[in-house]
Amino acid sequence: MSRRGRVTVGVLVGVFILFTLLGWGIDAYTDYLWFSEVDFTNVFSGVLITRLLLFLAIGAVMALVVGANLYLAYRLRPLLRPHSAEQATLERYRMILAPRLGTWITVVALVVGFFAGLSAQSRWADWMLFRNGGPFGVQDPEFKVDVSFYIFEYPLLRYLLGVGFTAVVLSVLGALAVHYIFGGVRLQGVGDRMTTAARAHLTTLVAIFVLLKAVAYVLDRRALLLEQHVSPGLYGAGYTDVNALLPAKEILAYISVVVAIAIIVFSNAVMRNLVWPGVSLALLAISAVAIGGIYPLAVQNFQVKPSLSDKEAPYIQRSIDSTRQAFGLETTDVTQYSAASGSPPANLAENSSAQNVRLIDPQLVSQAFTQSQQSRGFYDFGAKLDVDRYTIDGKTQDYVVGAREINDEKLTAQQRNWLNRHTVYTHGYGLVAAPANEVCGTGLPYFVSGFLGSNTGQGNCSAQTDEIKAEQPRIYYGEQSTEYVIVGQESDEKKVEFDRPQEQNSDASELYTYEGEGGVPIGSFFRRAVFAIKNTESNFLLSDAVNSNSKLMYIRNPRDRVEKVAPFLTIDGDPYPAVVGGKIVWILDGYTTAQTYPYAQKINLATETRDELTGQGSFALARDDVNYMRNSVKATVDAYDGTVTLYEFDEKDPVLKAWNKAFGGDLIVPKAQIPADLSSHFRYPADLFKVQRNLLTKFHVTDPQTFFSGNDFWEVPNAPDAPQNGVKQPPFYLNVKLPEQDDTRFQLTAGVTPANRENMAALISGSYVDGQPKLEVLELPDDTVVSGPVQVHQRMVNNANVASDLALLSRQGQATVLYGNLISLPLEKDILYVEPVYVRSNSQANAAPLLQKVLMSYGDGGTYVVLEDNLTKGLQALAELGRTNGAPSPGTPSTPNTPGTNPSTPATPPPVLTGDLAQAATAVDKAIEDLKAAQQAGDFVKQGEALKALDDAVNRFQQLQAAEASTPPATAPSVAPSVAPSASAGS
């Protein structure tokens, strides 16, 4: 290469390195500014220094080992080389390398060290846990070693062993290449193919490799407790592993040591050739196959398989116990609950738990919140709202809550310029809440807080005063906050931030200037230049909107903020806002996890937490495989100033203690310092509950023989209204008192069904009692059959008394019927099922679903079913059915009792219809029959015609019925369609 070419290449490489270092430096500097804002610089410096030290240490060691072996191979070169064609060919390479050999070795060593350092710096978490981990106080069942070894020490030891193998292999390859180039190793010619010095060097490296293999065998013995070996599909060492593979690994470790010694001795002191070292390596390989492979296979096939359940029983028990310990299942209370399939109790309407059942579905009602409480098109509440509880006027109940935020995607094209997006539309306003079991006459929620006006709500669907008042309602940090914003003005009179619409004139706006502590100051030219480069935006330097008092807010999503200040935590996918101390704060659950808890079942977080709501307002967790999980931290993010606080929640978690120690000991606020106002809003975390619920479907079985058979396993049911989609039914929050509980609790509940069946097997709930998590299982007896969620939904919508009313809700295809969350609530003798029914207009774009009816049943889901306007009427109707022991109340279809169905109640024939009323009833019956025929034929046109005819006939019947006021109320026709029209058919 010419001199000009070398200069060009050097300049290009220099420019590349300069821009790479500049980009890295700007990222590091802006990160430091952000960590300084939230007062977590110890996390920034701790991680950065640890990564840098690991990079330098491992990189230097790798570079020194490889470089030293390359140099040693050169120093051991023979001074005289026999003449041959091979050596003549190699001479040209020696002429290139020899004058600058030190430079070549240095470059190779640095490249190897650089990549080794890059790999090492990513292991900063393993190093911090290794340095700061403490005892678990639990021993593994095989080696009786504290579990802390597997969590804190094993991952780093395994990594360091891999580094050792890599260093030796690279050294062997590099040394072999140098020996060959400089004549220490020959492929042609007479005499020895390898000099004595080259043989000693290479065989020593091979012996070190074999010694490392001996260490690997020792670690492999511990690794057996972490791998999937136990039948059926459990983790840990099984019978074959303990009785065959563990001894085999120990024997192979000793053999490896002997082979390493033999390689050195026979190749350099006794025989001085490579025959016996080669034989030793071959014997090691044969021993590994025979002792480590064939022998355990023989034990498995001839001893274990003939009596698999008996042989594996002790190890199945180990897996069960360890899994329950690792995921916090060991304290689960299991209670037998006998559902008697009896009639609804007469006092059902007065039952406080029944009255507290949540009707408003957070997923379906979000659009109603947005359209009713936005006032501007760019406001948004997200795809799914949240459920919390508040005490107002001495009454504690559930509320569906949502933060009114600005969605940047909803800004118009005119509003979407840089100035508006980053300096005008900077924040949302207010926490909007609605009681979870109340709606107004239109089907909209009844709003009690978060009004844009300063004094009162407006309309019949709003309270007259703000019942959950936030002294500072502005939301600068929220789930919709995807853009950076610039706040702060030089003059108090100059206000540019859109705050909210004026009360008296909805077209005018009130403006605001941020007054809080959040944001990074960017008043200096240097900082503006830094952020201009980082965001590739010249307005940081050119726009008048950026001034000496300006602050930049970035990384504003609460989940992102907590993940950044606590990178060792896995954050729950459903943060929720709450009014605490007059301020709006986001509450997030943080989990400490591990992958190396011995004998514990390993699960994938993304798979186990996915359900109907994932991606619909609930974040999907990363695809991490873990076998230990604790809800160790409750984190908060202030919606106004972005302050992040990490509160200790699990005081016994050794992993959290290790992380807290790693970052100076004061990273986590002790649990005793959690404000009472804040702790009253803590709720059992959804993702942890899903993991525990899914594990309990198998690990509620604690007897190894029963577990092996799998006869008593459960499964999580699919979403009841769309089981064909294959998505799981999400758990639901309720403020209720379940059987065997002393008082009302805010708890997360879910039903499970037997494996491959749809009837109910158990109900699982998670709640807090005296600040401690508590899992409870209400298990139904095996000899009873209680309908599961999917069966109950199908029986309710196909009930003869309900199906025609559901068909009418679609208004001849002009609306779509949507079903909300199906709540399963155990009450007294049986289970109360409540499912809200929403209707969404098809004629209006982006129409909000409105709650129109409540579908309810008690018991088995087929006998006691009602469809009413609200929860109170539904409970009263069920109680009335219970009092009449199944006989319908006046005004509803009635069917005479048949012999053997209910001998304790005399048959009551329906009243005889005459005249026009009888003709109208006949018309209704005919319309229903036509609808059933159209449904069976799949003819959507005839379905629409039949629905219209049914609507007209029912209206005619009701008019005639009302006209006969002087006569007793007549009953409705006794025939109804047996299958409710589906949403797709109606649309």
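Draft legend 1. The overall build of the protein chain, seen in detail. Within the protein chain, the secondary structure is distributed over 27 helices and 34 strands. Buried positions account for 53% of the 987 residues belonging to the protein chain. Of the contacts made within the protein chain by residues no fewer than 6 positions apart, 68% connect residues no fewer than 24 positions apart. For the protein chain, the accessible surface area stands at approximately 44,000 Å², while carbon and sulfur atoms represent 55% of it.

Draft legend 2. View of the packing of helix H1 (residues 3–38) against helix H14 (residues 525–534). As a packed pair, H1 and H14 sit with axes 10 Å apart at the nearest point and diverge in direction by 120°. Put simply, H1 runs oblique to H14. As for the relative orientation of H1 and H14, their crossing is left-handed in sense. From H1, Ile 26, Asp 27, Tyr 29, Thr 30 and Leu 33 reach across to H14, where they touch Phe 526, Arg 527, Val 530, Phe 531, Ile 533 and Lys 534. Here the contact of H1 with H14 is built from residues that sort into seven nonpolar, one polar and three charged.

Draft legend 3. Local environment of the state of the cysteines. Considering all chains together, one arrives at one disulfide under this definition. Disulfide pairing places Cys 440 opposite Cys 461 at an S-S distance of 1.9 Å. Disulfide Cys 440-Cys 461: torsion about the S-S bond near 90°, hence right-handed. With Cys 440 in the loop between strand E9 (431–435) and strand E10 (474–475) and Cys 461 in the loop between E9 and E10, the pair connects residues that are 21 residues apart, well separated along the chain.

Draft legend 4. The arrangement of the packing of aromatic side chains in detail. Summed over all chains, the structure comprises 40 aromatic pairs. Ring centres of Phe 531 and Phe 540 lie 6.5 Å apart, and the angle between their planes is 25°; on these two criteria the pair is classed as stacked. Comparing Phe 531 with Phe 540, the two get one shared label, buried. Grouping aromatic residues by their ring pairs yields a cluster made of Trp 418, Tyr 484, Phe 531, Phe 540 and Tyr 554. Here the basic side chain of Arg 77 rests over the ring of Tyr 74, its NZ or CZ set 4.0 Å away from the ring centre. Its guanidinium or amino end placed over the ring of Phe 649, Lys 671 lies 4.5 Å from that ring's centre, counting from NZ or CZ.

Draft legend 5. Fine view of the packing of helix H5 (residues 124–132) against helix H6 (residues 148–181). Where H5 contacts H6, the axes come no closer than 8 Å and their chain directions differ by 130°. The angle between H5 and H6 places the two elements in the oblique class. Crossing geometry of H5 relative to H6 is assigned as left-handed. For the pair H5 and H6, contact is made by Asp 126, Trp 127, Leu 129 and Phe 130 and by Phe 152, Glu 153, Pro 155 and Leu 156, respectively. Among the residues making up the contact of H5 with H6, the classes are represented as six nonpolar, no polar and two charged.

Draft legend 6. Quick look at helix H23 (residues 800–809). Of the residues making up H23, those classed as buried are Val 802, Ala 803, Ser 804, Leu 806, Ala 807 and Leu 809. Immediately downstream of H23, the backbone of Arg 811 shows phi near 50°, a positive value.

Draft legend 7. Layout of the side chain of Asp 386. Within the secondary structure, Asp 386 is located in strand E5 (residues 386–392). Sequence-distant contacts of Asp 386, defined by excluding residues within four places in its chain, comprise Tyr 399, Val 400, Val 401, Asp 574, Pro 575, Tyr 576, Pro 577 and Arg 683.

Draft legend 8. The nonpolar core, seen in detail. Core analysis: the biggest nonpolar cluster contains 161 residues, and Phe 40, Tyr 390, Val 565 and Leu 646 have the highest contact counts within it. Sorting elements by how many residues they give to this core places H6 first, with 15 residues. Beyond its immediate chain neighbours, meaning those up to four positions away, Val 565 contacts Trp 34, Phe 35, Val 38, Phe 40, Val 43, Val 644 and Leu 646. Counting 45 residues, the second-largest nonpolar core is a separate cluster that includes Ile 360, Leu 364, Phe 369 and Tyr 864.

Draft legend 9. Fine view of a nonpolar patch on the surface. A surface patch of nonpolar side chains, about 560 Å² in accessible area, is lined by Val 7, Val 11, Val 15, Leu 18, Phe 19 and Leu 22. By relative accessible area, Val 15 is classed as partly exposed at 38%.

Draft legend 10. Local environment of the confidence of the model for the protein chain. Looking at the protein chain, the pLDDT average stands at 86 and 88% of residues meet or exceed 70. Considering only residues more than four positions removed or in separate chains, one finds that residues 887–910, a stretch of pLDDT under 50, has 20 contacts. Low pLDDT (under 50) marks residues 965–987, which in the prediction has 56 contacts with non-local residues, meaning those over four places away or in another chain.

Draft legend 11. How the structure looks around the sheet that holds E5. Ordered by their spatial adjacency, three strands build an open sheet running E5-E6-E9, and the pairing between neighbours is antiparallel. Lying at the two open borders of the sheet, with one neighbouring strand each, are E5 and E9. Adjacent strand axes in the sheet meet at a mean angle of 45° when their direction is disregarded. Note that E5 and strand E6 (residues 395–403) share seven bridges and pair antiparallel. When the sheet's bridge partners are listed, Val 387 is paired in E6 with Val 400.

Calculation criteria
Residues numbered from 1 in each chain as written. Predicted model: local features only at pLDDT ≥ 70, side-chain atom pairs only at ≥ 80, totals over all residues. Heavy atoms only, no water. Helix = DSSP H or I, 4+ residues; strand = E, 2+ residues; numbered from the N terminus. Buried < 20%, exposed > 50% of the residue type's maximum accessible area, 1.4 Å probe, protein only. Contact = heavy atoms within 4.5 Å. Areas by Shrake-Rupley, 256 points an atom, 1.4 Å probe, with all protein chains shown as cover. Axes fitted to C-alpha atoms, helices over the stretch in contact; angles between N-to-C directions. Parallel < 35°, antiparallel > 145°, perpendicular 65-115°, else oblique. Left-handed = near helix turned anticlockwise from the far one by under 90°. Nonpolar A, V, L, I, M, F, W, Y, C, P; charged D, E, K, R; others polar. Disulfide = S-S within 2.5 Å. Phe/Tyr/Trp six-rings, centres within 6.5 Å; stacked < 30°, edge-to-face > 60°. Lys NZ or Arg CZ within 6 Å of the ring centre and 35° of its normal. Core = buried A, V, L, I, M, F, W, Y, C linked by side-chain atoms within 4.5 Å. Patch = residues over 30% accessible without salt bridge, like charges linked within 9 Å, V, L, I, M, F, W, Y side chains within 5 Å. Salt bridge = Lys/Arg side-chain N within 4 Å of Asp/Glu carboxyl O. pLDDT = per-residue confidence, 0-100. Pairing = 2+ DSSP bridges.

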